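# Per-entry structural report
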Amino acid sequence: MATNKPTQNQRRDFLKNAAKGGIAALSLSSIAASAFSAEKHISKAVSDSGDIAVKPDHLIRSVPENMVWGYYGADVPPVATVKDGDIVEIQTINTTGVPRRNPEDFYKTNNLPLDEQALDIIEIYKKVKPEPSGLSGHMLTGPIFIEGAEPGDTLEVRILDIVPRSGFGVNAVWPKGGELGDVVTTRENFVYKYDKKKRIASFKEGIEIPVKPFMGVMAVSPAPEKGRVSSIPPGYYGGNMDLKHLVKGTTLYLPVSTKGALFTTGDCHAAQGTGEISGVAIEASLSLTVKFIVRKDMHIKQVRAESPTHFILLGLDPDLSKAMKNAATEAVNFIKDDLGFTFNEALSICSTGVDFEITQLVDQTLGANAMVPKSIFTNKTFPYWNS
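Quick look at the structure, then. Since the structure is predicted, the reported quantities are computational estimates derived from the model, not experimental observations.

Each strand in a sheet pairs with its neighbour through backbone hydrogen bonds, running either in the same direction (parallel) or in the opposite one (antiparallel). With respect to topology, 9 strands assemble into an open sheet ordered β3-β7-β20-β9-β17-β21-β22-β24-β23, the strand pairing being mixed. This sheet does not close on itself; its edge strands, each paired only once, are β3 (58–60) and β23 (355–360). Neighbour-to-neighbour, the strand axes of this sheet turn through a mean angle of 25 degrees, independent of strand direction. Examined bridge by bridge, β3 and strand β7 (residues 87–91) share 3 bridges and lie parallel to one another. Across the sheet, His58 pairs through a bridge with Val88, a residue of β7.

And the structure:
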């Protein structure tokens, strides 16, 4: 695989953007990532705000050799190795609605272009094989080995940008799928086309869904003794959380269980309602740009997240009531242990100032999340990387 090394101009532009956005200067090293040069793709990258996107140190292309179909595991060979502090652009694809047997027909029938992500999907369908034991799940990009990450550490993933790779996304409704699948009698795909200026997606006149891209799946490998696990249910290692708040400018914290962390991502969404009740969102190929930071000073057992305005604590369980209780426990313990309150004080704060949401209902292991506003803690300041 080719080594992608930024040019001197790219280095200068990156440092200028980093200073402007409050991002600390990073090491600029090379990486084996794909047969395509990073410079070709970097020049096309535009952020969802219309600004020039942050230029990454490395690009991981969505080519067959960089994909894994539906699972994580400590024994899965990494497709790239990056350094602590590096910025990485990761291309992802979404195959919802695209038949494996004749994928070209989907684009022809819906009058959609055979663009780069479409050609990637066609090639991936030809070459990427399922996990031999029969584990099923999403088509994912990775895993990525982060130097210095060891079991017991926390991987901080700063989401610097998320860019749609095409002009459309697909939602689907099908029998047995989602929360109301028992009353669905026929499968139907809905192609949502984007209006870039209005930042909306629509499949018919009179419907406008705001486009807010995020990754449904971001994970590190489970502990080696867990073996390979399906990407469908989320877990303590992250995974298929479908947490719609993980947009550009937010941070994900993942507990590291294996050397190098082995970060994998996919299940990319242009927009999603809380709960994702049909079983899928507006599924769309995206390009994710993140900064990886290995935290030796932070030791967590469950995935958590943060935005400029909120701390986000997650609860997971096959039983929704238990998932909610787990989210409540995580939130109360966070306020108690990290912010310095008693248990009873923390419980009172959660009951009066914290919103609890259903994250998703459709991934076997269900999710709830607590939205803890930073603004209610008036005697505390919370520095944040993009503030």
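Under the 1.5 Å per step criterion, the end-to-end length of helix α4 (residues 116–127) is 16 Å for 12 residues, consistent within 8% with the ideal 16 Å. Listing the buried residues of α4 in full gives Gln117, Ala118, Asp120, Ile121, Ile122, Ile124 and Tyr125. As for α4, its buried residues are in contact with β4 (67–69), β7, α3 (103–109), β8 (139–146) and β10 (168–173).

Now for empty space enclosed by the protein. Per the stated rule, a full pass over the model turns up 3 cavities of 30 Å³ or more. What the largest cavity holds in volume is close to 70 Å³. What lines the largest cavity is a set of 14 residues, among which Asn94, Gln117, Phe168, Val170 and Glu283 lie closest to the centre. For the lining of the largest cavity, the elements supplying multiple residues, two or more each, are α3, α4 and β10. Element by element, the count of residues in the lining of the largest cavity is highest for β10, at 3 residues. Residues of the lining of the largest cavity, tallied by class, amount to 7 nonpolar, 6 polar and 1 charged. The space that makes up the second largest cavity amounts to roughly 40 Å³. As for the second largest cavity, its lining consists of Val68, Tyr71, Tyr72, Gly73, Val76, Pro143, Ser221, Leu262 and Thr264. Class assignment for the residues of the lining of the second largest cavity results in 6 nonpolar, 3 polar and no charged.

Moving on, we get to the pattern of salt bridges. One pass over the full model with this rule turns up 16 salt bridges. Across the salt bridge formed by Arg158 and Glu156, the nearest N and O atoms sit 2.8 Å from each other. This pair shows no difference in class: Arg158 is buried, exactly as Glu156 is. Arg295 is the partner of Glu156 in a salt bridge, and the nearest nitrogen-oxygen pair spans 2.8 Å. Residue Glu156 is found in strand β9 (residues 154–164), and its partner Arg295 is found in strand β20 (residues 286–295); the two are separated by 139 residues along the sequence. A relative accessible area of 4% means that Glu156 is categorised as buried. Accessibility expressed as a relative area gives 21% for Arg295, which makes it partly exposed. What emerges from the salt-bridge pattern is a single network uniting Arg61, Glu116, Asp120 and Arg165.

Attention shifts here to unusual backbone geometry. Cis rather than trans, the peptide bond between Gly142 and Pro143 has omega equal to 0 degrees. Relative to the helices and strands, Pro143 resides in strand β8. Even without glycine at this site, Glu276 takes up a positive phi of about 50 degrees. Residue placement: Glu276 occurs in the loop between β18 (263–271) and β19 (282–283).

All right, on to a nonpolar patch on the surface then. On the surface, Leu180, Val183 and Ile277 cluster together into a nonpolar patch covering about 290 Å² of accessible area. With respect to the element layout, Ile277 can be found in the loop between β18 and β19.

Next up on the list: the nonpolar core. Core analysis: the biggest nonpolar cluster contains 44 residues, and Ile90, Leu155, Leu252, Phe263 and Phe292 have the highest contact counts within it. Looking at which element gives the most residues to this core, the answer is β20, with 5 residues. Excluding residues that lie within four positions of it along the chain, Phe292 makes contacts with Val82, Asp84, Gly85, Asp86, Val88, Ile90, Ile144, Ile146, Leu155, Glu156, Val157 and Phe263. Of all hydrophobic cores here, the second largest spans 16 residues; its members include Ile93, Ala118, Ile121 and Tyr125.

Each aromatic ring pair is described using two quantities: the centre-to-centre distance and the angle formed by the ring planes. Under the counting rule described, the total for this entry stands at 13 aromatic pairs. Taken together, a centroid distance of 6.4 Å and an interplanar angle of 75 degrees make the contact between Tyr107 and Phe168 edge-to-face. One end of the pair, Tyr107, is in helix α3; the other, Phe168, is in strand β10, and 61 residues separate them in sequence. For Phe168, a relative accessible area of 7% translates into the label buried. With a centroid separation of 5.1 Å and an interplanar angle of 65 degrees, the aromatic rings of Phe263 and Phe292 are classed as edge-to-face. With Phe263 in strand β18 and Phe292 in strand β20, this residue pair connects regions lying 29 residues apart in the sequence.

Thresholds, definitions, all that
- Residues numbered from 1 in each chain as written.
- Predicted model: local features only at pLDDT ≥ 70, side-chain atom pairs only at ≥ 80, totals over all residues.
- Heavy atoms only, no water.
- Pairing = 2+ DSSP bridges.
- Helix = DSSP H or I, 4+ residues; strand = E, 2+ residues; numbered from the N terminus.
- Axes fitted to C-alpha atoms, helices over the stretch in contact; angles between N-to-C directions.
- Expected span 1.5 Å × (residues − 1).
- Buried < 20%, exposed > 50% of the residue type's maximum accessible area, 1.4 Å probe, protein only.
- Contact = heavy atoms within 4.5 Å.
- 1 Å grid on protein atoms, 1.4 Å probe; cavity = no way out; pocket = protein on both sides within 12 Å on 5 of 7 lines; lining within 4 Å.
- Points joined across faces, edges and corners; volume = space filled by probe spheres on them.
- Nonpolar A, V, L, I, M, F, W, Y, C, P; charged D, E, K, R; others polar.
- Salt bridge = Lys/Arg side-chain N within 4 Å of Asp/Glu carboxyl O.
- Patch = residues over 30% accessible without salt bridge, like charges linked within 9 Å, V, L, I, M, F, W, Y side chains within 5 Å.
- Areas by Shrake-Rupley, 256 points an atom, 1.4 Å probe, with all protein chains shown as cover.
- Core = buried A, V, L, I, M, F, W, Y, C linked by side-chain atoms within 4.5 Å.
- Phe/Tyr/Trp six-rings, centres within 6.5 Å; stacked < 30°, edge-to-face > 60°.

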